[in-house]
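Coordinate analysis (summary)
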Amino acid sequence: MASNLSRQFTNHLDHFHIKLEDSALNYLTSMLATMSVTDGGVKSVSQIRESTEMFLEEAEIEPSRMDKFYATLAVGPAPAVQSISQDITSEIPSTPSGTSSDSASKLAARRQKRAQKKAAPQPDTRESTPPPQSDAAIVATHQQSRFHLETLETLSKDIDYATVNISVHQVDLLVDAHLRLKEGVRYGLVGQNGVGKSVLMKCMADDTLPMPHNLNILHIAQLETFDESTTVLNEVLEADTGTMASVREYEELHNVLGSTHQSTAKNTKALNIVVHRILLARSLARVTLIRQLAVKRSGQRGHDARQQQVKIEAEHAALQARDPHAYITPKMVTDIMTEVFEKYELINLDARRALARKILRGLGFSDKAVDAKVHTFSGGWKMRIALAKSLFMKPDILLLDEPTNHLDLPAILWLQEYLTNETDGITTVVVSHDRAFLNAVTDETIIFRDKVLKYHSGNFDDYEQNTSEQRVRKQKMLDIQEKKRAKIVASIQYNVQKARASGDDKRLGQVASRKKKLDRLGMEKTEDGKKFKVSYRAGRHLDSRVQIVVEQDVKTAAIKIPEPAPLRYHGSTFMMKNVSFRYPGTMRDIVEDFSIDVKPGARIAFLGPNGCGKSTLLNLMTGVNKPTKGEVYHHPLLKIGYFSQQIVDQLDLDRTPFEELMKRHPGISEHDCRAHFSSVGVSGDVVLRKTQSLSGGQRNRVAFAMILYESPHVLVLDEITNHLDMGTLDTLVEALAGYTGALVLVSHDVWFLKQLMEEEEGEEIEEEDVPDERAFYVVRNGAVRHWEKGMDGYVELVMKKVKKDMNVT
């Protein structure tokens, strides 16, 4: 059956007198057996050659002999095995577990590298596009103890792996890193965009990096697939597949038995069919799980998984072929009924629905939206659904990657309260650029930098302050040490000269003493404040003590905003007078009777939840929409730079940034084009990559560069902070703070708005540098009102409503 292809291949090897190592042969035959029962069977010799050629190369078979081997290989028809669900792709080992020296694992790793090399695009002098981060390209390992099974099946919910290595397309992301997560602690995972934070989360969640079997680890990205035809509420409920499977089993039995739950001769046949269907569904779930494991794992674990896959698929096919009336016995019916009804009694569906509704309302869904179909929502709202599913599941370890990206301030504050107060016992790891949110929800900070993980007991602000203090302290220590070093070196040189001149051996003794003293320069205390002892340092070292290293700030590409040309006019930059707007066919004004006078250098921020009309207001200010009533006045020479997510989405994915700018501004030279992109931190080969290959942060920078090209007098920025890491946010704030034109801002990032709209305590600013106006406006139900209580006052107002709603629900 499944071994037919394996047998043909091994017989052909014998015919050509080709000998392979036993471990390699076992791995190869297992893979061929798997191929023969998936994807409808192997259809060509070329398909076999692509999967097996590496093994023959390792055996040093001559190319001509290898060509003849495959040319004469006859592939018989594969046995028919009924497909259960989606087909499985050819096995590509991608997840070596541990540090096994198994030669088959080594062969698999080499085979993977060869496949990657074949798949890699040829170098192009004009364009360099990074390869996609497919699962097969990710290799993740950690050090395994002799008691490996115990470490994977322990009852503890802590994770403590001393040596973790992760690489993507043979590029190292983590090297001998220490991964440590304590039960119930909320961690903030920080690091520059592209260092590998999301990859680490993915590897933990999908078993690419072997995790303890008792832990339920959930990554929000795993929930970003949706049943478009169901309601939002059902989509969240269905995230718990095990519970909902038990509910469906109960409902099927209940439909046959009625409320009495008593079997009769009349419904025996129907019961047999239902029980058989239940067994098939459970078997299918096992098949799906083992297929996923067989694809992810490699080495001995992968070999075992593929052997198990063949066995389970055969068992499922046999079960599927059985006649329910002949196979299902009265005892099987009784056992299944008892099991299903006992499980159902433990499920409180009403409580689960209430929890799902509470979470969805907190994330901004109205009662009507909760019962709407998933396909009616945009991508941003679907990300909220994925977030709701992750919170509803309550796993042991919850991995949240940029959860605030598509949330407004009320939803961010609700999520902040929920994570703080309603996730007891759940270990949470959060990646976010929103500093206020990160500081509020995290207990400890994990710093992903230089291919290692460092830990700080405290939130991000505490880490930054501590790092700054340590940098100052160590710099002082280093300066003092260098003075000592210079003094000792001068003393050594002086005594050596005197010893040579006078022949005084005592001076040579002083030289030796000074050299020992020179060797002992370094840290006088350990990082935790203990007095330094040599015994604290294990292994061999070039120096007697740990050297003083001043940790440098991570360098982020600077952003430079061009100065706008003077308008030679001291009046208003632009005005809106008694402006109202409503969409055609509607009866309600989105903006109602609003007036504003924006002077050069002004700083204006609009506050309010999503859907209140902020983006509509910006469209009116920039001329995208025309007011229904009132008027909008722009200075004749005024240039406005308008950044919005729509501007980012309008970038042509098949063009490079270089081509995009050249198309919009014909005649610009290549040098000027590169110089302009470099001013926003987009440099090197990034400008020659297709936009579709760029990260979210890089696309934001490209779109920002487009609107800056004409040196606008007014920058209108709608949610520009999405997808930007903290280093980039720092440089953006610094650039915007020095911008002499007017700023109009919409953002839900509290830290970002406070940096640009409020002066820090004790800050001394020369009078001519102060903008003409700093004003907040709150948008609500069409009305736009001036807000005088600052950002903290607005956050406090929204938080009161959030807490009130949480208590009500």
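Residues numbered from 1 in each chain as written. Predicted model: local features only at pLDDT ≥ 70, side-chain atom pairs only at ≥ 80, totals over all residues. Heavy atoms only, no water.

Going by the annotation in an unreviewed UniProt entry, the name recorded for the protein is P-loop containing nucleoside triphosphate hydrolase protein, with Hygrophoropsis aurantiaca given as the source organism.

Details of the overall build of the protein
What the protein contains, in helices and strands, is 28 helices and 18 strands. Per-residue burial over the protein gives 46% buried out of 809 residues. Within the protein, contacts between residues separated by at least 24 positions form 72% of all contacts whose residues are at least 6 apart in sequence. A total accessible area of about 41800 Å² is found for the protein, and carbon and sulfur atoms account for 51% of it. (Helix = DSSP H or I, 4+ residues; strand = E, 2+ residues; numbered from the N terminus. Buried < 20%, exposed > 50% of the residue type's maximum accessible area, 1.4 Å probe, protein only. Contact = heavy atoms within 4.5 Å. Areas by Shrake-Rupley, 256 points an atom, 1.4 Å probe, with all protein chains shown as cover.)

Some details on the sheet that holds strand β12 (residues 603-607)
As summarised here, the arrangement of the six strands in space is β14-β15-β16-β12-β17-β18, forming an open sheet in which the pairing is mixed. Among the strands making up the open sheet, the edge pair consists of β14 (640-643) and β18 (783-787). Pairwise comparison of adjacent strand axes, ignoring direction, gives a mean angle of 15° for this sheet. Here helix α25 (residues 696-708) sits on the sheet and contacts β14 and β15 (714-718); the angle it forms with β14, its principal contact strand, is near 165°. Against the sheet, helix α27 (residues 750-757) contacts β12, β16 (742-746) and β17 (774-780), and its axis sits at roughly 150° relative to β12. (Pairing = 2+ DSSP bridges. Axes fitted to C-alpha atoms, helices over the stretch in contact; angles between N-to-C directions.)

Overview of α25
Under the 1.5 Å per step criterion, the end-to-end length of α25 is 19 Å for 13 residues, consistent within 8% with the ideal 18 Å. The inward-facing, buried residues of α25 contact β14, α22 (645-649), α23 (657-664), α24 (670-678), β15 and α26 (726-737). (Expected span 1.5 Å × (residues − 1).)

A short note on the pairing of strand β9 (residues 452-456)
Pairing between strand β8 (residues 444-449) and β9: five bridges, direction antiparallel. Along β9, the bridge assignment pairs Phe448 with Leu453.

A look at the sheet that holds strand β3 (residues 171-181)
Taken together, the three strands give an open sheet; going across it, the order is β1-β2-β3, and neighbouring strands pair in antiparallel fashion. The two strands at the open ends of the sheet, each matched to only one other strand, are β1 (138-142) and β3. If you compare each strand with its neighbour and ignore which way they point, the axes differ by 20° on average. In the sheet, strand β2 (residues 159-168) pairs with β3 via seven bridges, with the strands oriented antiparallel. From the neighbouring strand, Val164 faces β3, where its bridge partner is Ala177.

Some words on the nonpolar core
Core analysis: the largest hydrophobic core is formed by 98 residues, its most contacted members being Phe704, Leu717 and Phe752. In terms of residues, this core owes the most to one element, helix α17 (residues 409-421), which gives eight residues. In contact with Leu717, other than residues within four places in its own chain, are Phe643, Phe704, Ile707, Leu736, Leu743, Val744, Leu745 and Val746. (Core = buried A, V, L, I, M, F, W, Y, C linked by side-chain atoms within 4.5 Å.)

Concerning the confidence of the model for the protein
The predicted model of the protein has a mean per-residue pLDDT of 79, with 77% of residues at 70 or higher. Across the protein, the element-wise mean pLDDT spans from 45 in helix α5 (residues 103-119) up to 95 in strand β7 (residues 427-431). pLDDT under 50 marks residues 37-41. Its contacts with residues more than four places away, or in other chains, come to 12 contacts. In this model, residues 145-150 is a region of pLDDT below 50 whose contacts with residues beyond four sequence positions or in other chains number one contact. (pLDDT = per-residue confidence, 0-100.)

Some words on the pairing of β1
Most of β1 sits out of view: four of its five residues are buried. As defined by bridge partners, β1 adjoins β2 across five bridges and the pair is classed as antiparallel. Across the sheet, His142 pairs through a bridge with Val164, a residue of β2.

Regarding unusual backbone geometry
For Asp450, which is not a glycine, the phi torsion comes out positive at approximately 55°. Structurally, Asp450 can be placed in the loop between β8 and β9. One non-glycine residue, Asn781, lies in positive phi territory at about 50°. Tracing the backbone through its elements, the reader meets Asn781 in the loop between β17 and β18.

As for helix α13 (residues 330-345)
Look at α13: 23 Å from first C-alpha to last across 16 residues, which is about the 22 Å you get at 1.5 Å a residue. Taken residue by residue, α13 has Val333, Ile336, Met337, Val340 and Phe341 as its buried positions. An end-on view of α13 places all buried positions within 120° of arc, on one side of the element. In α13, the exposed positions angled more than 90 degrees off the buried face are occupied by Lys331 and Glu345. (Arc of directions from axis to C-beta.)

Thoughts on the packing of aromatic side chains
Evaluation of the coordinates by the stated rule reveals 16 aromatic pairs. Taking 5.5 Å as the distance between ring centres and 80° as the angle between the ring planes, the aromatic pair formed by Phe9 and Phe69 counts as edge-to-face. Placement of the pair is Phe9 in helix α1 (residues 4-15) and Phe69 in helix α4 (residues 63-71), with a sequence separation of 60 residues. The same class applies to Phe9 and to Phe69, which are both buried. Arranged with centres 5.1 Å apart and planes meeting at 85°, the rings of Phe69 and Tyr70 form a pair that is edge-to-face. Classification of Phe69 by relative accessible area gives buried; the value is 0%. Here the aromatic cluster, defined as three or more aromatic residues joined through ring pairs, consists of Phe9, Phe16, Phe69 and Tyr70. Positioned above the aromatic ring of Trp381, the side-chain terminus of Arg384 is 4.2 Å from the ring centre. Between Arg435 and the ring centre of Trp751, over which it is positioned, the NZ or CZ distance is 4.2 Å. (Phe/Tyr/Trp six-rings, centres within 6.5 Å; stacked < 30°, edge-to-face > 60°. Lys NZ or Arg CZ within 6 Å of the ring centre and 35° of its normal.)

Some points on the side chain of Arg291
Mapping Arg291 onto the fold places it in helix α10 (residues 268-296). Under the relative-accessibility criterion, Arg291 is labelled buried at 10%. A distance of 2.6 Å separates a polar atom in the side chain of Arg291 from a polar atom in the side chain of Glu313. (Polar contact = N/O pair within 3.5 Å; in protein donor to acceptor, adjacent residues only side chain to side chain.)

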